[in-house]
Structures are given as structure tokens and as C-alpha cells.
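# Chains, contacts and geometry: an overview
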Amino acid sequence: MIRRSEISYACIVLATASANAFADPEPIVDDETIVIIDRAPDEGARDRARALGEAPFVTVLHPDDHPATASVADALATSAGTLTRSLGGMGSYQSVSVRGAAPGHTSVLIDGVPLARIASVTTDLGRFALDSFGEVELYRGAVPIELGGAGVGGAVNLVTRLGRGELGERVQASMGMGSFGARHLRAHYGDDHGDVLSSTTIGYAGATGDYTYFSDNGTLLNRSDDAYRTRGNNGFDAVDGATRFGSEDRSLAGGARVAWKRQGLPGSINSPAVDANLSTLDVIADGKVDVTAGPAIGRQLAFVLVEAQRLRDPMAELGLGAADRKYLTLSGGASSTWSIPLGAHRLAAGLELRGDRFRDRDLGAPATTQVGTRAGGALLANLDLVLAPQLVVTPAVRLDVLRSAPTLMTVDPLERVAPRWDVVPSPRLSTRSLVTSDLAIKASGGWYARLPTLLEVFGNRGYIIGTPDLEPERGPSADAGFVWAPAVAKGTIDRILVSANAFANRAHDTIAIITYAGFVARAENIGTTQGYGAELIASGRLAKTVSLTASYTRLVTEQLSADPSLDGKQIPRRPGHVLYARTDVVRSLGGHVAEIWLDGAWQAESALDAANLARVPGRILLGTGARVEIGGGLGLAISVANLTDDRVAYLPLDPPPSPALSETPTPLTDVAGFPLPGRSFYLSVDWTH
């Protein structure tokens, strides 16, 4: 084992062995791993080793690169190929879409534990504070099979930090407050206790959340009723805590995480909700151990997940009737994955088992409690074929077998729905070649799937009718590209990283919730959709002072439908162009390090509905901030979001009703059509020791 204290830097350029088998943040180094020791810590891009060495296109997000209030979803929104949907405002519900795929096609895990629930296919990443983790891994393309590997969009793995920080700090604390009643308080302690590393984090965040936004009152062509309104019921309070221990060589780790959040559900622009709210409590516990048996290395993992939610809508403001419901999800699972060398090659194989139980209780009608269960497992295997010293080809396959069963669909004991079985294979092939020590070429292709949830299959006795014969959503996905990350500076430019790739995916039997008269809805397979495009990421630092990072995504999506009014139309909520750029300037002033930054995010126009009649206008948002070290480990920072206070966007009218009316004002919104706040400020103080 090579430790940090023994070398200045270890660059894993071909993650053949256990890095590919177990996807650890710090892979185990053995005879099958090529290690390069060729640069000082101040040279080369951050996470250069992983960008070059891992088969997927992977982006690693760090808390110190983002504002103190950033959620995991906020940070992911700055990455290539990634979009977030939110209810608008700080702390709101946020889901993530990668490469144009639906949010359910992106697996979300915490320390390798899957958060996907059997009742709902999406995960609210707005409830996780970014700085409660050491890093966030975003995989695009050949997602490691032990991380699920079945989503067209990829996977997001939230990794808890262990031990001291990068600069040897043990204690980190921060507090702050800002616009719209925003506030936070967070503390972290991590240390090395001999061969054991520890990590404990506790935090609180909240906001009143109310802000003004522009409203056209739902009449695009009538400007007489345009006005600014207050978006109420937008506040939240959230508390989270986590503790984790692990051995220094990462062969043993375990811990627990608890998160609670209560948030208002403000509704849409035209149908605001002033009293609806949702409370969520999550408890996650897991443990893993690596064992050896001769030349084989095995990882044993077990986890338990509990999620309790309560939805209150006493005034029926959400449009589905008055509601007071409790949801409870219980999940548990275990896996055993083994890796063994076969000459120059390496074989990895494993078995996963999981059971889930979901309960939906209507407190207004106790007799209508519904319970659903899902049990099953997966077989997974991959083979790293080293065809040349710098070329690795990896065929892999994952086979999921699941049994889903509901309780009675109605109070009539004669009306039963039989359990269903799903057998879902996910084969894929990836290649990676180290052309030079600084240039890697990657490609992958495979078949992926998303199983329907219990809610979609069996309904909820309320407003969603079950579809027991609903087919899994599945389809092919492929990508190819390169990563260039020089280990040494190019003149005055250092920390260079350039990544470019093209991708394509197609989803067959796409699942969508179709609403009928009377607010009754049903999940249906609506046909085939596809998307393709390209991603470009570039970053560099000039004279160890000025850093520039940019990411651009070109995305083309379309529906392949027998309905001529839908065929060829853009998939809703998928803008064709997304660009993010940020520049940082860091200098030492009087012995104190000071930093100032400016960023911008642009996205093109997109659609809200399948017929592309309702449009979300394009927009540009600017932000800025600064931080200065005061001394004694103290730092003071200020950040400004939506610097230009944009709250109105202009939607082109095609064709224009008259020569004088070619565009109309409309609210500034995210891709889901919910209004965004104007300019906001946040002041924070941090301390490290």
C-alpha cells in the first residue's frame, strides 16, 4: 500500500484491479495498477489521476469550490451534461438530469449505498448540504456495475470525508446568513487515531424563502395584468448529522447518517399553495470490510435505510384533494464483490441482495393504507482485459431479478393484483487507452434500464391508477472522447484539464405519468425517446493566480412517436445548450490569502410540455463572491447570486401577432417552469484548525 506520506503524488492512470472493481475514492494499489510519480502537489489538475485512469467520464466536486450554502444539486448544476429541476429558491426540492435522460435514470448513492426508493424514482438532492461530504463523484458513461450501472444518465456517489483535511486540519466550522432569511451553522471534526480515521459532521440550514417574482398572470399577450408577486410558503429548516470510522488503508469503514427537513410546497406560478408542506427524515447506516483469500480481494457491504415522510395539504392546494399522508420506506441489503488477477488481466464478480418495504397511510382514511414490497438481487461481473500496456478493454454485465408485490388495491378482498417479476440485464463494454502519460481516450456502450416504481405499477388508491403490466424503461447508451491532463506546467499555465466527448442514448417504453379528467393519473409506456450531443470541459490556472473553468453541453432530444403532433418534438425540460464558466483570482495580501470569483450560467430555451407549446425562455445568470483569510484559521466570505437581479425573461413570439409585438415578458424560471429569486447576498464566517 502506498500512502500519502510516502510520495508527493500518486497518479493512477489505468484503474484495472480493485479501483474498477470497487470504485473507492482512493483505490487500492497493487501489482496491476500503473503508478506515476512525476509531479509536485502544486502542478497538474486536481483529480487528474481519476480523470485519466477511470473508464467512465468522471467529475469530482469538492465543497471548497462552491459557496457555503451550496447543496449537492447546486454543485452538480455546474458540471457538464447536468441539469437540475427545482421548485425555486434556496433549499427547495431539486432533482438531477444527466445527458438529457429523465432524473430517474441517474443513480444516487451515499458511500456506495443506493438511495433509490421503490415508491419514487427520483431523489431530492436539494436536501443534502455539499460541505457535509468530502467529495461528490459524478459518473457519465460506463457507470461502475457496483454502483448500479443501470441508468442512462449515470450515477452520483456522495462520499463522506474521513480523517483530517487536505491541509491537515481537524476542525472545520462555518456559519452565515443572507437574503430571504437564509442561515446556516455547520461543524466538522475529522482526525487520524493511529490506523483508524474518523469523521463527524453536524449542521443546520434554513430560510424563510419568500421572495418576489414577475408574473404574467398566465396571459402572455396581455401586459395589463403583469405584476410582481411574493412567492410564499417557500421556507425550510433542515438538520443533518453523520459519523463515520474507517481504517487508514480503507479496507474497513462504517457509519451512520441522519437528515431531517421540513419544507413548504409553494405550488406553481398560476396555482400557488400557502399551506402545503412536506417533512422528510432519512436514516442511513452501512458497513464494509475488505478481505483477502489468496490472490483474491473481496468487499463485503451491508446497509439499512429508513425514510419517513409526511405530506400535508389541508386546503387541497396541490390540485389532488386535501391530503394528510405518511410514507415509510424500509430498505436493507448486502453485497459481496470479489476481484482476482488472471495473469495480466483481472476478473471481478459479485452478488447483491436487497429488500424494500413501502407503506402509504392516509391519515384521513385509515382503512386505505397500502403496503408494497420489492425483493431481489443482482449478479454482476466484469473482466479487465489488458490488450497492451496502455490499453484496457472491459466487458461487463449486470443482471437484476426483482419481485414486486402490493397489498389489496381496494377494500374489496376479491380484487387482487398478482405480484410481478422483472428480469433486467445490463450489458456494457468500455475501453480506455493511455495514448501518452497525459492523454487518455475512452469509449463505452451498453444497454440500460429503469424499473417502474410501486406507485406506477400498483397505484395509490387515490389519484394514480396502477398499471400492473407496465414495461421497464430501457435502451442503449454510448459515448466516446478523450481527457488531456498534463502532469507538468505548459509555460505559465498549470493545472490544465481538457475533456471532450460525444454521447447518444435511446429509451424504449419511456414511462410517463398521464393525467386524465378529474385529476386521475396513470403511468403509461409512451414510446421511444432519444438524445445525443457533446460535452466539453476545460480548466487551467495562469501563474498560480488566475483559474478559469468552463463546461459546455450541446444536447439534441426528440420524441419518436406515432402521434404527428409529438413526433420529432423536443423532450420537455431539456435545453439544447448549457454553458457554465467561472474565473477565480487568488493573491496574498499582507500575508493573508484573498480570493475573488465570478461565474456565469447560460441555458437556451426549452419546452415545458410534450407538444412544445409552453416554452421556458433562455437566460443568463451571473454570480460573484470573495473570501479573505483574517488570521488564526478564520476566513470571511461573501457571495452574490443573480448579480444583475434578473427576474424577467423575454420569450420570442413565432409568428409575432404584430410587427410591434415580437416578444413578451415572462417570469425567469428554471427548466421545470418554477420562478427563480432575484439578487441575493450571503455572508459567512469559517474557521479551521
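A few points on the structure. (Residues numbered from 1 in each chain as written. Predicted model: local features only at pLDDT ≥ 70, side-chain atom pairs only at ≥ 80, totals over all residues. Heavy atoms only, no water.)

This part is about the sheet that holds strand β6 (residues 106–110). A sheet is described by the order of its strands in space; here 5 strands give the open sequence β3-β8-β9-β6-β7, paired in mixed fashion. Only two strands of the sheet have a single neighbouring strand rather than two, namely β3 (57–61) and β7 (113–114). Sheet analysis places β6 next to β7, joined by 2 bridges and oriented antiparallel. By the bridge assignment for β7, isoleucine 110 is matched with valine 113. (Pairing = 2+ DSSP bridges. Helix = DSSP H or I, 4+ residues; strand = E, 2+ residues; numbered from the N terminus.)

Below, the discussion takes up unusual backbone geometry. When glycine is set aside, most residues are seen to have a negative phi, and most peptide bonds are trans. A positive phi angle, close to 60 degrees, is found at phenylalanine 180, a residue other than glycine. Take phenylalanine 180: it is sitting in the loop between β10 (171–178) and β11 (183–193). If you check the backbone angles, asparagine 612 has positive phi at about 60 degrees while not being a glycine. Turning to its location among the elements, asparagine 612 is positioned in the loop between β34 (606–607) and β35 (615–616). Using a relative accessible area of 14% as the deciding quantity, one classes asparagine 612 as buried. (Buried < 20%, exposed > 50% of the residue type's maximum accessible area, 1.4 Å probe, protein only.)

Looking now at the side chain of arginine 257. For arginine 257, the position within the fold is in strand β16 (residues 252–264). Summary of buried charges: arginine 257 has no salt-bridge partner, and the nearest side chain of opposite charge, aspartate 240, is 4.6 Å away. Of note is the side chain of arginine 257, whose polar atom sits 3.0 Å from the side chain of threonine 160. Once residues within four sequence positions are removed from consideration, arginine 257 is found in contact with Ile110, Ser132, Phe133, Thr160, Gly241, Ala242, Asp282, Val283 and Ile284. (Lys, Arg positive; Asp, Glu negative; His and termini not counted. Salt bridge = Lys/Arg side-chain N within 4 Å of Asp/Glu carboxyl O. Polar contact = N/O pair within 3.5 Å; in protein donor to acceptor, adjacent residues only side chain to side chain. Contact = heavy atoms within 4.5 Å.)

Our next topic: the packing of aromatic side chains. By the definition in use, this model includes 4 aromatic pairs. Measuring from centroid to centroid gives 5.8 Å for phenylalanine 180 and tyrosine 211, while their planes differ by 55 degrees, and the two rings are tilted. With a gap of 31 residues between them, phenylalanine 180 in the loop between β10 and β11 and tyrosine 211 in strand β13 (residues 211–215) connect regions that are remote in the sequence. Taking the relative accessible area as the measure of exposure, phenylalanine 180 reaches 27% and is therefore partly exposed. For the pair phenylalanine 214 and tyrosine 228, a centre-to-centre distance of 5.7 Å together with 70 degrees between the ring planes defines the contact as edge-to-face. Separated by 14 residues along the polypeptide, phenylalanine 214 in strand β13 and tyrosine 228 in strand β14 (residues 227–231) bring together distant segments of the chain. Of the residues examined, phenylalanine 214 reaches a relative accessible area of 7% and is grouped as buried. (Phe/Tyr/Trp six-rings, centres within 6.5 Å; stacked < 30°, edge-to-face > 60°.)

Counting across every chain of the model gives 29 salt bridges. Across the pair aspartate 131 and arginine 186 runs a salt bridge whose closest N-O atoms are separated by 2.9 Å. Separated by 55 residues along the polypeptide, aspartate 131 in the loop between β7 and β8 (135–140) and arginine 186 in strand β11 bring together distant segments of the chain. We classify aspartate 131 as buried; its relative accessible area is 17%. Residue classification places arginine 186 among the buried positions, given a relative accessible area of 8%. Residue aspartate 584 is joined to arginine 582 by a salt bridge in which the shortest nitrogen-to-oxygen separation is 2.8 Å. Judged by its relative accessible area of 12%, arginine 582 is buried. Connected through shared salt-bridge partners, Arg50, Glu54, Glu135 and Glu137 make up one network.

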